[in-house]
Structures are given as structure tokens and as C-alpha cells.
Amino acid sequence: MPDGKLSEIVRRVWGYDALRPFQSSAMECIMAGRDSLVVLPTGGGKSLCYQAPALARDGMAVVVSPLISLMKDQVDSLRAVGAGAACINSSLTARERRETHEAIQSGAVKLLYVAPERAVKPDFIAYLKKRPISFIAIDEAHCISQWGHDFRPEYRALESLREAFPEVAFHAYTATATPHVRQDICAALKLRDPEIMVASADRPNLIYAAERRTNELAQVMEVVERRRGESGVIYCITRKKVEELAAALTDRGHKALPYHAGMSPEERQRNQEAFSREGAELIVATVAFGMGIDKPDVRYVIHTGMPKTIEHYQQESGRAGRDGLEAECLLLYSGSDFNLWNFLLKDLDSEAMRIAQAKLHDMYNYCTAVACRHRVLMEYFGEKIDKPNCGACDLCLGNADLVKDALVVAQKILSCAARLGPVAGPSYTTLILQGAREHRVVEKGHDQLSTFGILAEHDGRTIRNWIEQLASQGYLEKTGEYNILQVTARGRQVLRGEETPRLLAPAETARAPRRASAAAAKSWDGVDKKLFERLRALRREIAQENGGPAFAVFGDAALRDMARKKPKNEVEFLQVSGVGERKCADYAARFLPVIREFAGAGAGRAPKSKQGRGGRIQAEAFRLFAAGCDLDETADHLMVTARRAAKYLREYIEEKGLTDPTPWMDPGLADDISIAADELGFAARDDILERLGGAAPGELVDVVIACMKNEEKPGAPVEKR
């Protein structure tokens, strides 16, 4: 843990007493003003590496981020813990841009998020030069490299930002970067003697599994049903598949929403927000969903088709378990996926095609390998895993069925390849092993081989899969344009019975894991699961009230720690991991009564909570309104947002039958809202807001409409304030 001011900020603002590996070093590098490149896996806490130092240093940090949705999630989360953050992008209204500018001018903004396109504009650079800049952070820095999996040309232009601020330290962050990509990032950003910190890309909390795609819907449903009620992301290669699968899951009672580039921006935004606020259980998406999700409590990610690179798979599957808790990643693949991606590469230039095809082969080898999934992934990124058993993949956990007589099956396949000689690829070899009497087989006399039909009891897909598995384990080698098979030296050892490979048994449907990972057992240790579910429901309720993502209230890790420690007061509530001072002030009054009542009700039954509409905090708000307090005074006293205070005011007005909103707002604004509501109708809230042109927030519109509705009630008793 860093010493002094920085460690105090981490504890006070985020509620963390300890940092993850490399976070401390990365923060100290920023505090020292030295350039850096930080490679931390998704879920490793990259954002905190620059967010905490930004609060500790004088001036404003500029964060370059590629997506508006990512910026919004980051800013929402920072504001939820009381940190001064803002973003400037095309989604802001004129009023929001003006308020952001005023906040920057006043020094209230410690982190400013911008897109790379805006960051390099001369007028924006001139705007920044008038402010004290503490440092510049480049998020998703792999986008700057043509060797990266998500190259974006606009990132290459960030070189001009470096030239404009030669005295300011630059810090680049990414989750996945091979050594080649790391070199490219440093060169493109002109980092000066950077500290390069590369944490292990391994994610031991993720359970990896890969299965050949046989009955896609059944394989998907097995995971979704087993994890009903938890958040999940399902990736599909095509938009059509996204729509079909989302509809099929919805028909089966799951709250599934689609997400792809063919949808309007409004639809995509609406579906993503529903997912973030736990209004939808899962998202079915193309890679357009990619980096646009910062939801930490995704408990599973399913790929219904093979990605084109391991980098893409690492990034997309890494959306699961960002909170450090257990999650699973299932990859369904087929040889047709390989052929599809290979076909789509045909328009690339020769060098780009060579790189892309090499990456595609690596991805397919991961799918067909019968080796520890974590080890295969880490070796790709140049790491070694010393553990003989990762305890977190289908193979190491024993959740994948293996062929019992694998040596015999392998010897039959290798023997056939040897007898055919260097003339046959996987498909033709499969025909011989099946005993297919096709014209070309008979014409070449291969139906006379001793290995002809030696695996006739198995279908072609199974045999072909075994061939791929033997190739990925180094017993067969594919050569030339047509992938001609040749038996390797290791393969000859198998023929002599000196080595036994591992082969996966054919499976018609996905099977539930028979063993849980160590990460799963540890994360649930001591947790009252019934209380955890009750706290999740309360979190969802609060998120809907706030109009923000559920994880901005608390993540699953914090809720599990609450359900483990069962704090009885605010002092104990602050001891929960992930509870800082601001969140304690905002939410202790909502969560502590539920925890206490649940504990009092006993483990056998859930408590009857009285917190449904705010409970004690709502009653206190009503008392303050009756005593003459305005909205700002009430919000400050209750330590809640202005939006929350306005919600309680609307409920107070409805309960008391009040008809005059002016004690709580400007009379002229109240008249403007009333006129618009009369003309457009009470239900046309969005139209009323548009008519007002940003002059009034939505919660004040709700307050005025509540008064107008009371005025229209026939014979209703009206209480004057």
C-alpha cells in the first residue's frame, strides 16, 4: 500500500485497505512524474492506478478513453464515491457542456475524460494549455498498435498530444499486450524512459472451458439456467445470430437484450443501461459490445463462435469477474468458424494477412488443445504457469470428459496418417478412418489400407476433432497450403506406446461443471447467501431510484462482504471492503437496517423490510420538508443526491396533497413547467423537458406534475404548506 496521502485517499474514497499487485507501483510512478506503461489484466484495477493519484496531485488529469459508454461508466462511478470527474463528448447537452466548463474552471474536476479524436484537436489542446494538467493517461492503449487486436488510427495521432505537453508525464494502460505491442505503444506515444510494468495476464478467478459447438441453444441454456438471475454476456459472430438467440432466450423466460452495430445508437444505449441497472439479466452481442462495458459483476461470458484472435478472446472473456469473484467463460467453436474468419482475411495485404492468419491458427489451437486453458493463454502472452493444475478450467477440474482408450484411438489416427503419407489433409484422412467409399478414395486405392474404416463407429465431426487435438498437442503437423498431415517425432512415440495423448470424448450437449474452482469456494466463504440476495435486490432498487448503474451503488464483492461481516453500525459498515466515506454516508441508512433485520429474523427466513420506499430516510426527509427546509438543505442533511431529495419531495407532495411547488423551486420555472405540462399532458415528460430546453431537471418536472395532479383530484382534501 502506498504511504501517506495516497493510501489515505484509497481508504477514505474507495474503502480499500490493500491494493492489488502492481497497483501500488503504478501509482508511485505517477506520483514521481515518470512516464509509464502498465499492462494489467481486465479486472486487475487499471482505473484505480490513475484515479487515486489524480485526486492526490494538484491540477487536473486528462484521461483518453475510446468509447462514450466507458467514459460515462467511469465518471458515474467516480462521482458515486465523491470524486470530481467529468467527460467532454458529443453526447452532452449545451447545458452539460457549460456546467462541465464551469467545474473545470473552478478546479472541481480532477479527472477529465475525452475521446482520442477530441484530445488531438488544436482548439482543445489550446483549451487544456490554460489549465494546470497533472498528467495524461491513455486508456486501452493497445488501440495505438497495428499489432494490437483493436487498432484505431485515431490513437496514432496522440503523438501530437505528447508534443503539445512535453513537460507532462504520460501513462499508458491496457489489459492485453504482447511484447511487440508494448514496444509499439512506447514508440508511438514517445514515452520517455518509461517504467514498464507487466502483471500476469492470468485470471485465476475465471473458469475457462471450450466445447465443440453441437447443439448451440442447449449448450448456452445449460449455463444460463444454472446461473439464472446473474449477469451474463453472450457473444455471437453475426447480427442475425444475436437477434435469434436473444429472442430464443426471452421466449424461455430470461431477460435477454440484443446489442449490435445494426441497431440505432439510442437502442444500444437503452439496452446497455438496462443491463447495467440490472433491468436485464444478460446481453447478447456482437463484438460491437467490446470495450463498452464496465460492469464488474458479470458472472459468465459465453462465446457462441470462435473469436479471430486470442487477444480478442482474452479481452471479451475478461469482461467476466472484473470484481475478482469467480466467473465462468465458455467458448463454443467449430471448424466453420475458422473457415469464416479465414475467408474474411482475403482482402488484407500480404503482411497483414500473414499476421492475421497466424493469430487465427493460435486461436483455433486454443480451442482444440487438450491442455490447461490458463497455461495455453499465458504461454501465448509469453508467460509460464508453474502449477501442474490451475484448478480453474474444464480440463484441470475434470469437468471435461476424456476418451478412456485415448492411446488406442490416437494410434489408429496416427497410423492412418503415416500410411497415407504426405498427401492428405485432415478432411481426407477423416474419410479414410470413417470408411467412406467415395470415388476419389476408391480410385486411389485407399479403401485397401488397413486403417480404412478403423474408426467407422464414430462420426466424421468427432474424428476430425481428434485429429485437430493431436495436431495441437504436437503429435501431428500440418504443412503447406492444404494442411497436409505428417506424423511428428512425438507422434512416433505414441505409435510405439511410449507416450499417451489426451483426447476429448464427443459431447452432444454442454454439461454442468462437476467441481467448483478454488476461487468460487473462497469468494463465498462465510457469506450468508440469502442476505446477499436481499442486498442485491436493495441495490437494484436504489439504482432504479438513482437512474444509474447498479454497480455504482456497490459491487458484488462489497455485498458479499456485507453478508459475511453483517455490520451493525456505520463504524462497522466502513470496515466492509469497497465502502468509503461517501458511500457510507449515502447508503448506510438503507443497508444497515436490512442487515440488522435480516440477522434478527434468523437464517431460516428473510426479514420483512420496511425500507421499500426509503424507510427511515424518507421519514426524515418528510420531517425536514414540513419544517421548511428546501431541497438543497434536505439533500445536505440527509447526505443524498439532489435527485434523491427531489424524489422524496414528490412523495411528500403526493402524500400531503400539496398543490404549490414554489416553496422548493423558482416560481417562474414552476410556471414554465406548468404551461408545458398543460399543453403536452402529464405523461409527456420527455417532451416537456425538450420544450424547456434544459432549463429544468427531470425531477423538478416530476414535482410540479405531482402538484398539478393533486389540484385536479375532485374533492380531494388539500393541505396548504
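Everything below is about the structure printed above this text.
Parameters at a glance
Residues numbered from 1 in each chain as written. Predicted model: local features only at pLDDT ≥ 70, side-chain atom pairs only at ≥ 80, totals over all residues. Heavy atoms only, no water. Patch = residues over 30% accessible without salt bridge, like charges linked within 9 Å, V, L, I, M, F, W, Y side chains within 5 Å. Areas by Shrake-Rupley, 256 points an atom, 1.4 Å probe, with all protein chains shown as cover. Salt bridge = Lys/Arg side-chain N within 4 Å of Asp/Glu carboxyl O. Lys, Arg positive; Asp, Glu negative; His and termini not counted. Charge placed at Lys NZ, Arg CZ, Asp CG, Glu CD. Helix = DSSP H or I, 4+ residues; strand = E, 2+ residues; numbered from the N terminus. Buried < 20%, exposed > 50% of the residue type's maximum accessible area, 1.4 Å probe, protein only. Contact = heavy atoms within 4.5 Å. Axes fitted to C-alpha atoms, helices over the stretch in contact; angles between N-to-C directions. Parallel < 35°, antiparallel > 145°, perpendicular 65-115°, else oblique. Left-handed = near helix turned anticlockwise from the far one by under 90°. Nonpolar A, V, L, I, M, F, W, Y, C, P; charged D, E, K, R; others polar. Phe/Tyr/Trp six-rings, centres within 6.5 Å; stacked < 30°, edge-to-face > 60°. Lys NZ or Arg CZ within 6 Å of the ring centre and 35° of its normal. Pairing = 2+ DSSP bridges. Disulfide = S-S within 2.5 Å.

> If you had to explain a negative patch on the surface to someone new, which residues and values would you point to?
A cluster of like negative charges, contributed by Glu243, Glu244, Glu266 and Glu267, occupies part of the molecular surface. Looking at the negative patch, the elements that each hand over two or more residues are α12 (239-251) and α13 (265-276). By the element assignment, Glu243 lies in helix α12. For Glu243, a relative accessible area of 38% gives the class partly exposed.

> Provide a residue-level description of helix α11 (residues 216-226), including the pertinent values.
Within the sequence span of α11, burial applies to Glu216, Gln219, Val220, Met221, Glu222, Val223 and Val224. Along its buried surface, α11 packs onto β8 (206-212), β9 (231-235), α12, β11 (282-285), β12 (298-303) and β13 (327-333).

> Could you give me a rundown of the packing of helix α2 (residues 23-32) against helix α3 (residues 46-56), with the residues and numbers involved?
Direction vectors running N to C along α2 and α3 enclose 40 degrees, while the axes themselves pass 9 Å from each other. Put simply, α2 runs oblique to α3. Remark: the crossing between α2 and α3 carries right-handed chirality. Across from Gln23, Ala26, Met27, Ile30 and Met31 in α2, the residues of α3 making contact are Leu48, Cys49, Tyr50, Ala52, Pro53 and Ala56. When grouped by side-chain class, the residues that make up the contact of α2 with α3 number ten nonpolar, one polar and no charged.

> Describe the packing of aromatic side chains, and please don't skip the residues or the numbers.
Applying the stated criterion across every chain yields a total of 16 aromatic pairs. Ring geometry for Tyr587 against Phe591: centres 6.5 Å apart, planes inclined by 85 degrees, an arrangement best described as edge-to-face. In this pair, Tyr587 and Phe591 both sit in helix α27 (residues 581-601), four residues apart, roughly one turn of the helix. The residues Tyr587 and Phe591 share a single accessibility class, namely buried. Among the aromatic residues, those joined into a cluster by ring pairs are Phe554, Phe573, Tyr587 and Phe591. Above the plane of the ring of Phe275 lies Lys295, whose end atom (NZ or CZ) is 5.3 Å from the centre.

> Give a description of the pairing of strand β2 (residues 60-64) that names residues and reports values.
Within β2, five of the five residues are buried, which leaves it mostly tucked inside the rest of the structure. Of the two faces of β2, both are covered, the one formed by Met60, Val62 and Val64 as well as the one formed by Ala61 and Val63. As paired elements, β2 and strand β5 (residues 133-138) share four bridges and run parallel to each other. Residue Val62 lies in a different strand from β5, and its bridge partner there is Ile136. Where β2 lies against strand β4 (residues 111-114), four bridges are found, and the strand directions are parallel. In the strand pairing of β4, Val63 is matched with Tyr113.

> Pulling in residues and values, what's your account of the packing of helix α18 (residues 406-420) against helix α19 (residues 426-434)?
Between α18 and α19, whose axes approach to 10 Å, the crossing angle comes to 115 degrees. Between α18 and α19, the angle falls in the class roughly perpendicular. In terms of crossing hand, the pair formed by α18 and α19 is right-handed. Contacts between α18 and α19 involve Lys412, Ile413, Cys416 and Leu420 from the first element and Tyr428, Thr429, Ile432 and Leu433 from the second. Among the residues forming the contact of α18 with α19, the class breakdown is six nonpolar, one polar and one charged.

> Which residues make up the sheet that holds strand β10 (residues 256-259), and what values go with them?
Pairing is parallel across the open sheet formed by six strands, whose spatial order is β8-β13-β12-β9-β11-β10. The sheet is open, and its two borders are formed by β8 and β10, each paired with just one other strand. Adjacent strand axes in the sheet meet at a mean angle of 15 degrees, parallel and antiparallel pairs treated alike. Bridge count for β10 against β11 is four bridges, and the pairing is parallel. Following the sheet pairing, Ala256 is matched in β11 by Leu282. Helix-sheet contacts for α12 involve β9, β10 and β11, and the interaxial angle to β10 is about 170 degrees. Across the sheet, α13 is in contact with β9, β10, β11 and β12; its angle to β10 comes to roughly 140 degrees.

> Provide a residue-level description of a nonpolar patch on the surface, including the pertinent values.
A cluster of nonpolar side chains, namely Leu340, Phe343 and Leu344, defines an oily patch on the protein surface of about 290 Å² accessible area. As for its position among the elements, Phe343 is in helix α15 (residues 335-344).

> An account of the state of the cysteines is needed here, citing residue identities and associated values.
The term disulfide refers to a covalent linkage connecting the sulfur atoms of a pair of cysteines. In this structure the tally under the stated criterion is zero disulfides. Of the cysteine sulfurs around Cys87, a residue in no disulfide, the closest is that of Cys143, at 18 Å. With relative accessibility at 12%, the residue Cys87 sits in the buried group.

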